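The primary structure of each chain is shown beneath.
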Amino acid sequence: MKWPKPWAHGRAALVYSGMGRKLILRLKHGDRQEVAQPAALWMRPTLEGLITPQTLIAPVPLHWMRLAKRRYNQSALIAKRLADLTGTEWCADLLERPQRTPSLDGKSHHARAEILDGAIRINRRRRYEIVGRPVILVDDVMTTGATLAACATACRAAGAGDVCVSVLARAVKDT
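For clarity, every value in this text was computed on a predicted model and none was experimentally measured.

Rules used throughout
Residues numbered from 1 in each chain as written. Predicted model: local features only at pLDDT ≥ 70, side-chain atom pairs only at ≥ 80, totals over all residues. Heavy atoms only, no water. Axes fitted to C-alpha atoms, helices over the stretch in contact; angles between N-to-C directions. Helix = DSSP H or I, 4+ residues; strand = E, 2+ residues; numbered from the N terminus. Parallel < 35°, antiparallel > 145°, perpendicular 65-115°, else oblique. Left-handed = near helix turned anticlockwise from the far one by under 90°. Contact = heavy atoms within 4.5 Å. Nonpolar A, V, L, I, M, F, W, Y, C, P; charged D, E, K, R; others polar. Patch = residues over 30% accessible without salt bridge, like charges linked within 9 Å, V, L, I, M, F, W, Y side chains within 5 Å. Areas by Shrake-Rupley, 256 points an atom, 1.4 Å probe, with all protein chains shown as cover. Salt bridge = Lys/Arg side-chain N within 4 Å of Asp/Glu carboxyl O. Buried < 20%, exposed > 50% of the residue type's maximum accessible area, 1.4 Å probe, protein only. Arc of directions from axis to C-beta. Pairing = 2+ DSSP bridges.

Enquirer: Where do I start with the packing of helix H5 (residues 109–116) against helix H6 (residues 146–157) in this structure?
Expert: How two helices pack is summed up by the angle between their axes together with the distance between the axes. Contact pair H5 / H6: the axes reach a minimum separation of 9 Å and the direction vectors enclose 40°. Taken together, H5 and H6 sit at an angle that is classed as oblique. For the crossing formed where H5 meets H6, the hand is right-handed. Together, His 109, Arg 112, Ala 113 and Leu 116 of H5 and Ala 146, Thr 147 and Ala 150 of H6 make up the contact between the two elements. The class makeup of the residues in the contact of H5 with H6 is four nonpolar, two polar and one charged.

Next comes the structure, spelled out in structure tokens:
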């Protein structure tokens, strides 16, 4: 909340703790791809008022080595199901992550932003699809928002309209 975000609206369906955390870890690291369907169902109501006929839904990308290791992009699974539920166009490869970055776990917002600087870009073959269009970026979990900020910045630099983010869960600080 301390840093300005390069997106217009951000929405989360769950808090990243308890069962929400367990579900995401099962999807992300436990090969439980079927979790994407209920995730999209929970996220759908949070998108009320954000979707227009021109909206494009896009997942946060994985570097190809991480994708090969995991065998799927959990954000793309959710994004596809959200697009199906809303009748909205989606683009699985709008964004790409050509730089392999280290794990961001345990890193501060500043450290994450530094690691991600220039690590995400618009796929050159898809650049024409984004100009002037609103974009909804989809990810499984938002901790500091640095990854989504890098994605939103790339979209805005390519000429996107409003960029919004939708995540299954949002990490919150203990109070």
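Enquirer: Explanation requested: a nonpolar patch on the surface in the structure shown.
Expert: Together, Leu 41, Trp 42 and Leu 85 give the surface a local cluster of nonpolar side chains, amounting to about 270 Å² of exposed area. Inspection of the secondary structure assignment puts Trp 42 in helix H2 (residues 36–43). Taking the relative accessible area as the measure of exposure, Trp 42 reaches 39% and is therefore partly exposed.

Enquirer: Is there a simple way to think about H2 in this case?
Expert: Every α-helix winds through 3.6 residues per turn, so residues three or four apart in the chain are directed the same way. Where H2 is concerned, the buried positions are Ala 36, Ala 39, Ala 40 and Met 43. The arc that holds the buried residues of H2, viewed along the axis, is 95°, so those residues lie on one side. Buried residues in H2 make contact with strand E1 (9–15), helix H1 (18–29), helix H4 (74–86), strand E6 (135–142) and strand E7 (163–170).

Enquirer: Looking at this structure, I do not really get the sheet that holds strand E3 (residues 89–90). What am I missing?
Expert: Where strands meet in a sheet, backbone hydrogen bonds hold them as pairs that are either parallel or antiparallel. With parallel pairing, the five strands of this open sheet are ordered in space as E1-E7-E6-E2-E3. What marks the edges here is a single partner per strand, and that holds for E1 and E3. With six bridges joining them, E1 and E7 adopt parallel strand pairing. Bridge assignment links Val 15 to a residue of E7, and that residue is Arg 170. Along the sheet, H4 makes contact with strand E2 (56–59), E3, E6 and E7, crossing E6 at roughly 130°. Those strands touched by H6 are E6 and E7, and its axis lies near 170° from that of E6.

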